[in-house]
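Report on the structure
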Amino acid sequence: MLVRNATIWTEGPQGTLEHADLLVRGGKVAAIGSGLTAPAGAVVIDAAGRHVTPGIIDAHSHTAIDGDVNEGTLAITAQVRIKDVIDPFAIAMYRELAGGVTAANVMHGSANAIGGQVVTCKWKWGEGPDAICMRDVPEGIKFALGENPKQANWGPHNRYPLTRMGVAEIIRERFTAALAYRAAREAHAAGRRPIAPRPDLQLDAILEVLDGRRLIQCHSYRQDEILMLMRLAEEFGFRVKTFQHVLEGYKVAGEMARHGAMASTFSDWWAYKYEVIDAIPYNGALMHDRGVVVSFNSDSDEQARRLNTEAAKAVRYGSLPESDALAFVTINPARQLGVEKRIGSLEPGKDGDFVIWSAHPLSQQAICEQTWIEGRRYFDRAADAEESKARAAERHALTEKARHAAKADVEEKP
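Remember, it's a predicted structure, so these values are computed and weren't measured experimentally.

Criteria and thresholds
Residues numbered from 1 in each chain as written. Predicted model: local features only at pLDDT ≥ 70, side-chain atom pairs only at ≥ 80, totals over all residues. Heavy atoms only, no water. Helix = DSSP H or I, 4+ residues; strand = E, 2+ residues; numbered from the N terminus. Rg over C-alpha atoms; globule rule 2.2 N^0.38 Å. Buried < 20%, exposed > 50% of the residue type's maximum accessible area, 1.4 Å probe, protein only. Contact = heavy atoms within 4.5 Å. Areas by Shrake-Rupley, 256 points an atom, 1.4 Å probe, with all protein chains shown as cover. Pairing = 2+ DSSP bridges. Axes fitted to C-alpha atoms, helices over the stretch in contact; angles between N-to-C directions. Parallel < 35°, antiparallel > 145°, perpendicular 65-115°, else oblique. Left-handed = near helix turned anticlockwise from the far one by under 90°. Nonpolar A, V, L, I, M, F, W, Y, C, P; charged D, E, K, R; others polar. Phe/Tyr/Trp six-rings, centres within 6.5 Å; stacked < 30°, edge-to-face > 60°. Core = buried A, V, L, I, M, F, W, Y, C linked by side-chain atoms within 4.5 Å. Expected span 1.5 Å × (residues − 1). Salt bridge = Lys/Arg side-chain N within 4 Å of Asp/Glu carboxyl O.

Here the focus is the overall build of the protein. Of the regular secondary structure elements, the protein holds eleven helices and 16 strands. Taken over C-alpha atoms, the radius of gyration comes to 24 Å for the protein, in line with the 22 Å a tight globule of 414 residues would show. By principal-axis analysis of the C-alpha atoms, the protein measures approximately 75 × 75 × 50 Å. Within the protein, the proportion of its 414 residues that are buried is 51%. Once local pairs closer than 6 in sequence are excluded, the contacts in the protein between residues at least 24 apart make up 68%. Only carbon and sulfur atoms are counted for the fraction: they give 51% of the accessible area of the protein, which is about 18,400 Å².

If you want it as C-alpha cells, here you go:
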C-alpha cells in the first residue's frame with residue numbers, strides 16, 4: 001500500500017518530511033520519500049494535508065486483561081503470566097486504535113513487590129490472543145515499590161511486607177533464593193547432588209532477570225526507592241530496564257542515566273495519593289535533559305486514547321522539540337520494551353504500523369483517521385461512521401418488528 005503526499009513524522013533518521021510518500025509492502029515499511037511508485041493492485045491513499053506518524057505505543061497498560069489485574073495473595077508472583085489472560089474481545093482495544101495506539105505493554109497491577117510476567121501486544125482487533133501478543137521480542141516482568149506492595153491503601157493487612165524496608169528485603173531474598181536454586185540445579189547436573197531441585201516457576205522467571213533475558217518494568221514513585229532498587233540490581237549484577245510512573249525521577253535522573261534505567265511517567269498527574277505529593281509536570285522533560293529515555297504512558301483505557309496530546313505536554317512543560325515530544329509515545333516506549341528494531345519509528349524494514357492524522361499530531365484538533373498495523377487497516381473513521389449508521393438502522397428495524405409483534409399479540413387475545 002502507498003500513502004501519498006503527507007507530512008511524515010518518521011521519528012527516525014529521516015526526520016519529518018513534507019509532501020512525502022510511505023510505501024508498505026508485505027507488512028513492512030519498504031520506502032519513505034518523494035515520487036514513490038505504487039505496485040500494481042496496491043491500495044493508494046491520497047493524504048494531502050494529513051500527517052502520518054508511527055503507531056503510538058503505550059508503555060503502561062492494563063487493557064485487555066481478562067479478570068483482575070492483581071494476584072494479591074502473595075508478595076511475590078513472578079510465576080503468573082499476562083499472556084495467559086488476554087481478552088481479544090476487549091472493546092478498549094478498538095477504542096485505543098481510534099486514538100492511534102497500535103501497541104502496548106500490558107502489565108499486572110502493582111500489589112506485589114515482584115509481580116508477574118508482562119507482554120507486549122499489538123491491538124490487532126478481531127484476531128486471537130496468539131496474534132495480539134508480539135512474538136520473538138524480549139519479555140518483561142512487573143516489579144512494584146511503595147504504598148501498593150506494602151498495602152498502605154488496601155487491606156486486610158495479613159500479608160508480609162507492610163513497610164518499605166520489607167519490600168526491599170523480600171526482593172533481595174528472592175534473588176538470593178534464585179541463585180541458590182541455580183546452584184542446586186548445576187550441582188545435580190554435575191553429579192554432586194543426587195536429586196534435582198523441584199522445578200520452581202517463580203525462581204525460573206527471576207533467573208531470567210539475572211540473565212538479562214527478562215526486562216524489569218518497575219512501578220515506583222519516590223526517589224529513595226528508585227535508588228534502592230538500582231543499588232540492589234547492581235549488587236546482583238543486572239539492570240533495571242524501566243521505572244514506571246517514576247514521579248520523583250527528576251530528583252535522581254543523573255543516577256538513573258548512569259545505571260542505564262529508562263523512565264515511563266505520567267505527563268501531569270499528581271496528588272492522587274501521598275507518595276506522589278512531590279510530582280511535577282516538568283518531570284519528563286527534566287529526565288530527558290539528563291539523558292534518560294523517557295516515555296509518557298496511560299495506565300488507563302481512557303487516557304490511552306489521547307496519548308498524542310499527552311506527548312504535547314512535554315512541549316508545554318519543558319519546551320522540548322516537537323519530534324522529541326512525539327518520541328515520548330513512539331520510539332522511546334519501543335526502546336523501553338526492547339522492540340525498537342520492530343516498531344516505534346517509520347524506517348525501511350520495520351513493521352508497517354502507522355497512523356494518519358487529520359492535522360498536526362500534537363494538536364488538540366488532530367483526529368486519528370486511520371490506524372494501520374503491519375500494512376493492514378485496523379481502524380478507519382469513515383468506515384466506522386458508516387457501520388454505526390447501519391447498526392443503528394438495524395437496531396431500529398428490529399425494535400419496530402418487536403413492537404408490531406407485541407401489538408399484534410395483544411389484539412389477537414379475546
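With respect to topology, eight strands assemble into an open sheet ordered E6-E7-E8-E9-E10-E11-E12-E13, the strand pairing being mixed. Here the strands that pair on one side only, and so sit at the sheet edges, are strand E6 (56-61) and strand E13 (294-296). Within this sheet the neighbouring strands show an average axis-to-axis angle of 25°, counted without direction. Looking at chain direction, strand E12 (residues 262-265) and E13 are connected through three bridges and run parallel.

Our next topic: the packing of helix H3 (residues 164-189) against helix H5 (residues 223-236). One can describe the packing of H3 onto H5 by two numbers: an axis separation of 11 Å at closest approach and a directional angle of 15°. Considered as vectors, H3 and H5 are oriented roughly parallel to each other. Here H3 and H5 pass one another in a crossing that is right-handed. For the pair H3 and H5, contact is made by Arg-164, Ala-168, Ile-171, Arg-172, Phe-175, Thr-176 and Leu-179 and by Glu-225, Met-228, Leu-229, Leu-232, Glu-235 and Phe-236, respectively. Counted by class, the contact of H3 with H5 contains eight nonpolar, one polar and four charged residues.

So, about the packing of aromatic side chains. A ring pair, where both rings are aromatic, is described by two values, the distance of the centres and the angle of the planes. Using the criterion set out here, one finds twelve aromatic pairs in the structure. Between Tyr-94 and Phe-379, the aromatic rings sit 5.7 Å apart at their centres with planes inclined by 65°, giving edge-to-face as the arrangement. Of this pair, Tyr-94 sits in helix H1 (residues 91-97) while Phe-379 sits in strand E16 (residues 376-380), placing them 285 residues apart in sequence. In terms of burial, Tyr-94 and Phe-379 fall into one category: buried. Between Phe-175 and Phe-236 the ring centres are 5.6 Å apart and the planes differ by 40°, which places this aromatic pair in the tilted class. Of this pair, Phe-175 sits in helix H3 while Phe-236 sits in helix H5, placing them 61 residues apart in sequence. Considered together, Phe-175 and Phe-236 belong to a single accessibility category, that of buried residues. Clustering of aromatic rings is evident, with ring pairs tying together Phe-143, Phe-175, Phe-236 and Phe-238.

Further remarks concern the nonpolar core. Side chains of a nonpolar character, in soluble globular proteins, are inclined to be buried together. Counting 79 residues, the largest nonpolar core has Trp-123, Ile-171, Phe-175, Phe-243 and Met-256 as the members making the most contacts within it. The contact partners of Ile-171, leaving out residues within four places of it in the chain, are Ala-113, Ile-114, Phe-143, Leu-145, Leu-229 and Leu-232. By size, the runner-up hydrophobic cluster in this structure holds 16 residues, among which are Leu-22, Val-29, Ile-32 and Ile-45.

A word on the packing of H3 against helix H4 (residues 201-210). Put simply, H3 and H4 touch, their axes get as near as 9 Å, and they point 100° apart. One finds that H3 runs roughly perpendicular with respect to H4. Along the contact surface, H3 presents Arg-174, Phe-175, Ala-177, Ala-178, Leu-179, Tyr-181, Arg-182 and Arg-185, while H4 presents Gln-202, Leu-203, Asp-204, Ile-206, Leu-207, Val-209 and Leu-210. Taken together, the residues that form the contact of H3 with H4 break down as ten nonpolar, one polar and four charged.

Let's shift gears to the pairing of strand E14 (residues 354-357). Here E14 shows two buried faces, one formed by Phe-354 and Ile-356 and the other by Val-355 and Trp-357. In terms of strand pairing, strand E5 (residues 51-54) meets E14 through four bridges, oriented antiparallel. Bridged to His-51 within E14 is Trp-357.

Moving on: the pairing of strand E10 (residues 214-220). Burial within E10 is extensive, with seven of its seven residues counted as buried. Taking every second residue as pointing to the same face, both faces of E10 are buried, with Arg-214, Ile-216, Cys-218 and Ser-220 on one and Leu-215, Gln-217 and His-219 on the other. Sheet analysis places strand E9 (residues 139-144) next to E10, joined by six bridges and oriented parallel. Looking at E10, one finds that Ile-141 is bridged to Ile-216.

As for its position among the elements, Asn-332 is in helix H10 (residues 331-337). Take Asn-332: its relative accessible area is 7%, and that puts it in the buried class. Those residues in contact with Asn-332 that sit more than four places away from it in its chain are Val-293, Val-294 and Ala-327.

Moving on: the environment of Glu-71. If you trace the backbone, Glu-71 turns up in the loop between E6 and H1. In this structure the C-alpha to C-alpha distance between Glu-71 and Leu-215, which are 144 residues apart in sequence, comes to 20 Å. Leaving out residues up to four positions away in the same chain, Glu-71 has contacts with Thr-77 and Asn-112.

A rise of 1.5 Å per residue sets the reference length of H3, with its 26 residues, at 38 Å; its end C-alpha atoms lie 38 Å apart and thus fit the reference within 8%. Buried residues along H3 sit against strand E8 (114-122), E9, H4 and H5. Immediately beyond the C-terminal end of H3, within one or two residues, lies Gly-191, with a positive phi of roughly 85°.

Note that side chains of opposite charge can pair when their charged atoms are close. What the rule picks out here adds up to 34 salt bridges. Taking the shortest distance from any N to any O, the salt bridge between Lys-389 and Glu-386 comes out at 3.8 Å. Separated by three residues within a single helix, Lys-389 and Glu-386 lie in helix H11 (residues 381-412), roughly one turn from each other. With a closest N to O distance of 2.4 Å, Glu-400 and Arg-403 form a salt bridge. With Glu-400 and Arg-403 both in helix H11 and three residues apart, this pair spans about one turn of that helix. Accessibility expressed as a relative area gives 48% for Arg-403, which makes it partly exposed. Three or more residues are tied together by salt bridges with common partners; here these are Lys-28, Lys-122, Lys-124, Arg-342, Asp-351, Asp-353 and Glu-374.

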